[in-house]
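# Observations on chain architecture
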Amino acid sequence: MCWGSDGNGRLGNGATTTDAQDEPVLVDLPTGRSAVGLAAGGSHSCALLDTGSLMCWGAGGNGQLGNGDFDKDDEDSPVYVNLPYGRTAVAVSAGVQHTCALLDTGSLVCWGRDHRGQLGEGAGTDDQVSPVYVDLPTGRTAFSIVAALEHSCAILDNGSLMCWGEDGNSQLGNGAGTTDQQSPNYVDLPTGLGAVAVDVGYHHTCAILDNESTYCWGSNVAGGLGIDDPIDTDQASPVHVNLSASQTAVAISLGRFHTCAILDN
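Please read all numbers here as calculations on a predicted model, not as lab measurements. Per chain, residue numbering runs from 1 following the sequence as it is written. Owing to the predicted nature of the model, reporting of local features is limited to residues with pLDDT of at least 70; listing and counting of side-chain atom pairs is limited to 80 or more, with chain, interface and lining totals taken over all residues. The side-chain quantities take in all heavy atoms of the structure and omit both hydrogens and water.

This part is about the overall build of the protein. Strands are runs of DSSP state E lasting at least 2 residues, helices are runs of H or I lasting at least 4, and numbering of each runs from the N terminus. Helix and strand counts for the protein stand at zero helices and 20 strands. The quantity called the radius of gyration is restricted to C-alpha atoms. Its globule counterpart is 2.2 Å times the number of residues to the power 0.38. Computed over the C-alpha atoms, the radius of gyration of the protein is 18 Å, within 12% of the 18 Å expected from 2.2 N^0.38 for a compact globule of 265 residues. By its C-alpha atoms, the protein is 50 × 40 × 30 Å across when sized along the principal axes. Relative to its 265 residues, the protein shows a buried fraction of 50%. Of the contacts formed within the protein by residues at least 6 apart in sequence, a portion of 45% connects residues at least 24 apart. With residues, only the protein chains shown are counted as cover, and all accessible areas are computed by Shrake-Rupley using a 1.4 Å probe. With the model as given, the accessible surface of the protein reaches about 11,500 Å², and the carbon-plus-sulfur share is 47%. Charge assignment: positive for Lys and Arg, negative for Asp and Glu; neither His nor the chain ends contribute. A charge is said to be at NZ when it belongs to Lys, at CZ for Arg, at CG for Asp and at CD for Glu. Of the charged side chains in the protein, 8 are positive and 32 negative; the average position of the first set lies 5 Å away from that of the second. Think of it in three bands: residues with accessible area under 20% of the maximum for their type are buried, residues over 50% are exposed, and the middle band is partly exposed, with areas taken using a 1.4 Å probe on protein chains only. Should any heavy atoms of two residues lie within 4.5 Å, those residues are counted as being in contact.

Laid out in structure tokens, this is it:
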């Protein structure tokens, strides 16, 4: 079920009206199918079905529905994402105008807007109306994916963390400045540590590492990095977040300019 603004058909209930709904309405899933995962983006939404298929609905103006529609029409009912032949999805994440999925093979695919390299395909900045493979390092697979405004990040099978796309505030965390990246770049994590969870905001990124510490990087406007910096300096490499002295984070979630975490108590 979805509720709220229905501009572009983003509630997916198949209605001809786009009036906002202040109570939940059923999404128009195919008969007999159920959802096991969900992602809401800027003006579109996607669901992972019990078959491993993906469906998206809402705004399609940048190809973010992934259904191969070169007209990029909005859809007020779910449409199937054109996944690579024989592949199924195990996770989905929706950015503002792009979408990414983790496949059953550990590969990553993204689709939609690519003007800042947020699809990670390493081959250009054109919108993609069907999924394209993310240019992961040879021999590496992923086990998580997150997409935000104009950048995306993934944790790999060896615990390393990679990000790609817009880097105007150093949100890619590679320690190298503010240059957009069309292929994944390694995040400059502390030596010997890997990531177990990651989330992305509009211009900042945070991760929980395998020693239970929490690090953030990128834009620190309004103090979103949690590092007690009175002048809110952007950070090009991960910096340690000072949580309660006796607690660690077990989950983390980022908004546009702020960050929240669940602690171990």
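Moving on to the state of the cysteines. Here, the term disulfide refers to a pair of cysteine sulfur atoms separated by no more than 2.5 Å. On inspection of all chains with the given rule, the structure shows four disulfides. Here Cys46 is linked by a disulfide to Cys56, with a sulfur-sulfur distance of 2.1 Å. In this structure, the disulfide formed by Cys46 and Cys56 twists by about 105 degrees around the S-S bond and is classed as right-handed. Linking Cys46 in strand β4 (residues 44-49) with Cys56 in strand β5 (residues 54-58), this pair joins segments that are 10 residues apart in sequence. A sulfur-sulfur separation of 2.0 Å characterises the disulfide bridge that pairs Cys206 with Cys216. In this structure, the disulfide formed by Cys206 and Cys216 twists by about 110 degrees around the S-S bond and is classed as right-handed. You can see Cys206 sitting in strand β16 (residues 204-209) and its partner Cys216 sitting in strand β17 (residues 214-218), a full 10 residues away along the chain. With respect to class, Cys206 is no different from Cys216; both count as buried. Sequential numbering of the bridged cysteines in the protein gives the disulfide pattern 1-2, 3-4, 5-6, 7-8. Sulfur of Cys2: no disulfide; nearest cysteine sulfur belongs to Cys46 and is 11 Å away. No disulfide involves Cys260; its sulfur sits 10 Å from that of Cys206, the nearest cysteine.

This next bit is on the side chain of Gln247. Within the secondary structure, Gln247 sits in the loop between β18 (235-240) and β19 (249-254). N or O atoms closer than or at 3.5 Å make up a polar contact, with two conditions inside protein: a donor-capable atom paired with an acceptor-capable one, and, for residues adjacent in sequence, both atoms drawn from side chains. Polar contacts involving the side chain of Gln247 include one to the side chain of Ser244, which spans 3.0 Å. Within the local environment of Gln247, its side chain forms a polar contact with the side chain of Ser246, the two groups lying 3.4 Å apart. Setting aside anything within four residues of it in sequence, one finds Gln247 in contact with Leu263, Asp264 and Asn265.

Let us now look at the environment of Gln118. Within the secondary structure, Gln118 sits in the loop between β9 (108-112) and β10 (128-133). Sequence-wise, Gln118 and Pro184 are 66 residues apart; in three dimensions their C-alpha atoms are separated by 9.3 Å. Non-local contacts of Gln118, meaning those with residues more than four positions away in its chain, are made with His98, Cys110, Arg113, Leu149, Glu150, His151, Ser152, Trp164 and Gly165. Engagement of the side chain of Gln118 in a polar contact is seen with the backbone nitrogen of Arg116, the distance being 2.8 Å.

All right, on to the side chain of Gln171 then. Tracing the backbone shows Gln171 in the loop between β13 (161-165) and β14 (181-186). For Gln171, the side chain forms a polar contact with the main-chain nitrogen of Gly168, separated by 3.5 Å. Once residues within four sequence positions are removed from consideration, Gln171 is found in contact with His151, Glu166, Tyr202, His203, His204, Thr205, Trp217 and Gly218.

Hydrogen bonds between backbone groups are what pair the strands of a sheet, and the pairing can be parallel or antiparallel. Sheet architecture is open: four strands sit in the order β15-β16-β17-β18, paired in antiparallel fashion. This sheet does not close on itself; its edge strands, each paired only once, are β15 (195-200) and β18. Here the strands of the sheet are splayed against their neighbours by 20 degrees on average, with no regard to which way each runs. With five bridges connecting them, β16 and β17 associate as antiparallel partners. Looking at the pairing, Cys206 lines up with Cys216 of β17. The rule for pairing is simple: two strands pair if DSSP sees at least two bridges between them. Structural elements are reduced to axes, namely lines fitted to C-alpha atoms, with helices fitted over the stretch in contact, and the angle between N-to-C directions of any two is expressed from 0 to 180 degrees.

The side chains of a regular strand alternate between the sheet's two faces. Burial within strand β8 (residues 98-103) is extensive, with six of its six residues counted as buried. Residues His98, Cys100 and Leu102 line one face of β8 and the alternating positions Thr99, Ala101 and Leu103 line the opposite face, and both faces are buried. Pairing geometry for strand β7 (residues 89-94) and β8, over five bridges, is antiparallel. Bridge pairing in β8 links Val92 to Ala101. Linking β7 to β8, which pair antiparallel, is a turn of three residues. In terms of strand pairing, β8 meets β9 through five bridges, oriented antiparallel. Paired with His98 across the bridge in β9 is Gly112.

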